[in-house]
Amino acid sequence: MEIEVLEGVFDANEEIARKNRERFLEAGVFVMNLMASPGAGKTSLVMRTVEGLRDRLSIGVIEGDIASRVDAEKLKAAGVPVVQINTGGACHLDANMVSMALPHLDLSRLDLLIIENVGNLVCPAEFQLGEDLKVMMLSVAEGDDKPLKYPLMFSQAHVLVINKTDLLGMGDFDPQVVRKTVTGMNPDIVIFELSCRTGDGLEAWTSYLHDRVRCR
Amino acid sequence: MHELSVTENIIDICLRHARNHGARRIVRINLVLGELTGIVDQCITFYWDMLAKDTIAAQAELVFRKVPVVARCRECGEEYRPENLELRCPRCGGEQAELVSGREFRVESIEVD
């Protein structure tokens, strides 16, 4: 006997993501999911974004890592409400892990919640968390061929931040190559070029994010 | 890369439907897998033997129907397989295209005794 199932393998996650989203909408908090490979500068961008916007927005952070609390400690030292999720080996955050972290944050007092995903260019793209904005980073040191190698992530993101522009010219990375490949896959993507280390280009990013949070 | 947890999801879905129909054994599982998902079917088959071994799905045959990435131009309606996910329409050069397939990953049906 054949039984029709027609059930998506990620349906259970997407159902929890919908519930997360309802909680975010109810609390009036804008949620951004930050994804990139390890070492691209996710935590640096979180720190810089908080620095640039904390006078105007109330910001909380969920830190996803396979292990350790080092990123969360950095943010805590800066006075940011932060919850650490250790995935214990899982290569991505899923909606349920985020849902379990939410009671540790006072969502109603936040304007912006940044979820820093596990460093990985593959898996986080498959898992909805209930976010408003998917932001991914690519750093100059990683090479300009990455969009061709990890197309799902680049085709899903709303925003691409190219980080470490202070290293341009020290290798073969060409931002125009990245722009051409990525807009070919994802015509609506918004791209920023910046350096978290020097601060170059950050203002354009933070003012864009500020407008997105305020205009939701 | 996360085929282990994906395999657990598939087992949960199949066992739930089998139980609802009072099945004794799952013989075959028909899955649909889009080429853009990055899921490796051999890995799922590998994990299946480990994870399903004490269930009524232990001997099930996993059959994957692969779905290619297909885009449709919003301007001229052309459907095509975009190379390297370059969505620009090869017929009219239009830049507004949508993906019509390639992202699906679902359990289509199960065959049971």
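Residues numbered from 1 in each chain as written. Chains lettered and ligands numbered in written order. Predicted model: local features only at pLDDT ≥ 70, side-chain atom pairs only at ≥ 80, totals over all residues.

Enquirer: Lay out the interface of chain B and chain A with the relevant residues and their values.
Expert: With 27 residues of chain B at the interface, the matching set in chain A holds 24 residues. Counting residues per element, the ones that place at least two in the side of chain B that touches chain A are α1 (3–20) and β6 (105–112) of chain B. Here the side of chain B that touches chain A gets eight residues from one element, more than from any other, and that element is β6 of chain B. Residues that form the side of chain B that touches chain A fall into these classes: eleven nonpolar, ten polar and six charged. Judged from the five bridges that link them, strand β1 (residues 2–8) of chain A and β6 of chain B form a sheet pairing that is antiparallel. Across the sheet, residue G8 of chain A finds its bridge partner in β6 of chain B, namely R106 of chain B. (Contact = placed C-beta atoms within 7 Å. Helix = DSSP H or I, 4+ residues; strand = E, 2+ residues; numbered from the N terminus. Nonpolar A, V, L, I, M, F, W, Y, C, P; charged D, E, K, R; others polar. Pairing = 2+ DSSP bridges.)

Enquirer: Report on the sheet that holds β6 of chain B, specifying residues and quantitative values.
Expert: By way of backbone hydrogen bonds, the strands of a sheet pair with one another, either parallel or antiparallel. What the four strands build is an open sheet, ordered β1(A)-β6(B)-β1(B)-β2(B); its pairing is mixed. Two strands close off the open sheet at either side, each with one partner strand: β1 of chain A together with β2 (61–67) of chain B. Here the average twist between neighbouring strands, direction ignored, is 20°. Taken together, the seven bridges between strand β1 (residues 26–34) of chain B and β6 of chain B define a ladder with antiparallel strand orientation. From the neighbouring strand, I29 of chain B faces β6 of chain B, where its bridge partner is I110 of chain B. Contacting β1 of chain A together with β1 and β6 of chain B, α1 of chain B runs over the sheet at an angle of about 40° to β6 of chain B. (Axes fitted to C-alpha atoms, helices over the stretch in contact; angles between N-to-C directions.)

Enquirer: Describe the confidence of the model for chain B, and please don't skip the residues or the numbers.
Expert: The share of residues in chain B with pLDDT of 70 or more is 99%, and the mean pLDDT across the chain is 95. For this predicted complex, the interface score ipTM comes out at 0.89, while the overall pTM is 0.92. (pLDDT = per-residue confidence, 0-100.)

Enquirer: Would you mind going over the sheet that holds strand β6 (residues 133–139) of chain A in detail, with residue names and values included?
Expert: Residue and element names in this part refer to chain A. Spatial ordering of the open sheet is given by β4-β3-β5-β2-β6-β7-β8, a layout of seven strands whose pairing is parallel. Among the strands making up the open sheet, the edge pair consists of β4 (82–86) and β8 (190–193). Here the strands of the sheet are splayed against their neighbours by 20° on average, with no regard to which way each runs. Direction of pairing for β6 relative to strand β7 (residues 159–163): parallel, over a ladder of five bridges. By the bridge assignment, S139 is partnered in β7 with N163. Contacts from helix α2 (residues 42–53) reach β2 (30–35), β3 (59–65), β5 (112–116), β6 and β7, with the element oriented near 170° to β5.

Enquirer: How would you explain the pairing of β8 of chain A if you had to name every residue and give the values?
Expert: Residue and element names in this part refer to chain A. Here four bridges tie β7 to β8, and the two strands are oriented parallel to one another. Bridge pairing in β8 places I162 opposite E193. Handedness of the β7-helix α7 (residues 175–185)-β8 crossover: right-handed. (Right-handed = clockwise from strand over helix to strand, strands pointing away.)

Enquirer: Quick rundown of the packing of α1 of chain B against helix α2 (residues 41–51) of chain B? Include the residues and the values.
Expert: All names here are of chain B. Across the interface, α1 lies against α2 with an axial gap of 9 Å and an inter-helix angle of 65°. Considering the relative orientation of α1 and α2, their crossing is right-handed. Each of E3, L4, V6, T7, E8, I10 and I11 in α1 lies in contact with α2, whose residues at this interface are C43, I44, Y47, W48 and L51. Of the residues assigned to the contact of α1 with α2, the class counts are nine nonpolar, one polar and two charged. (Left-handed = near helix turned anticlockwise from the far one by under 90°.)

Enquirer: So what's going on with the nonpolar core? Residues and values would help.
Expert: One recurring pattern in soluble globular proteins: nonpolar side chains tend to sit buried together. Judged by nonpolar contacts, the single largest core of 67 residues is most densely connected at L112, I114, I115, M136 and V161 of chain A. For this core, the leading source of residues is β2 of chain A, giving five residues. Not counting chain neighbours up to four residues away, the residues in contact with V161 of chain A comprise L45, V135, M137, F192, L194 and W205 of chain A. With 20 residues, the next largest nonpolar core counts A23, I39, I44 and I110 of chain B among its residues. (Core = buried A, V, L, I, M, F, W, Y, C linked by C-beta atoms within 7 Å. Buried ≥ 20, exposed ≤ 12 C-beta atoms within 10 Å, placed from the backbone.)

Enquirer: Explain α2 of chain A to me, using residue names and the numbers behind them.
Expert: A rise of 1.5 Å per residue sets the reference length of α2 of chain A, with its twelve residues, at 16 Å; its end C-alpha atoms lie 16 Å apart and thus fit the reference within 8%. Listing the buried residues of α2 of chain A in full gives K42, T43, L45, V46, R48, T49 and V50 of chain A. (Expected span 1.5 Å × (residues − 1).)

Enquirer: Break down unusual backbone geometry for me, with residues and values.
Expert: Residues and elements named next belong to chain A. Notably, S68 is not glycine yet its phi reads approximately 80°, a positive angle. Positionally, S68 belongs in the loop between β3 and α3 (70–77). Given 11 C-beta atoms within 10 Å, S68 falls into the exposed group.

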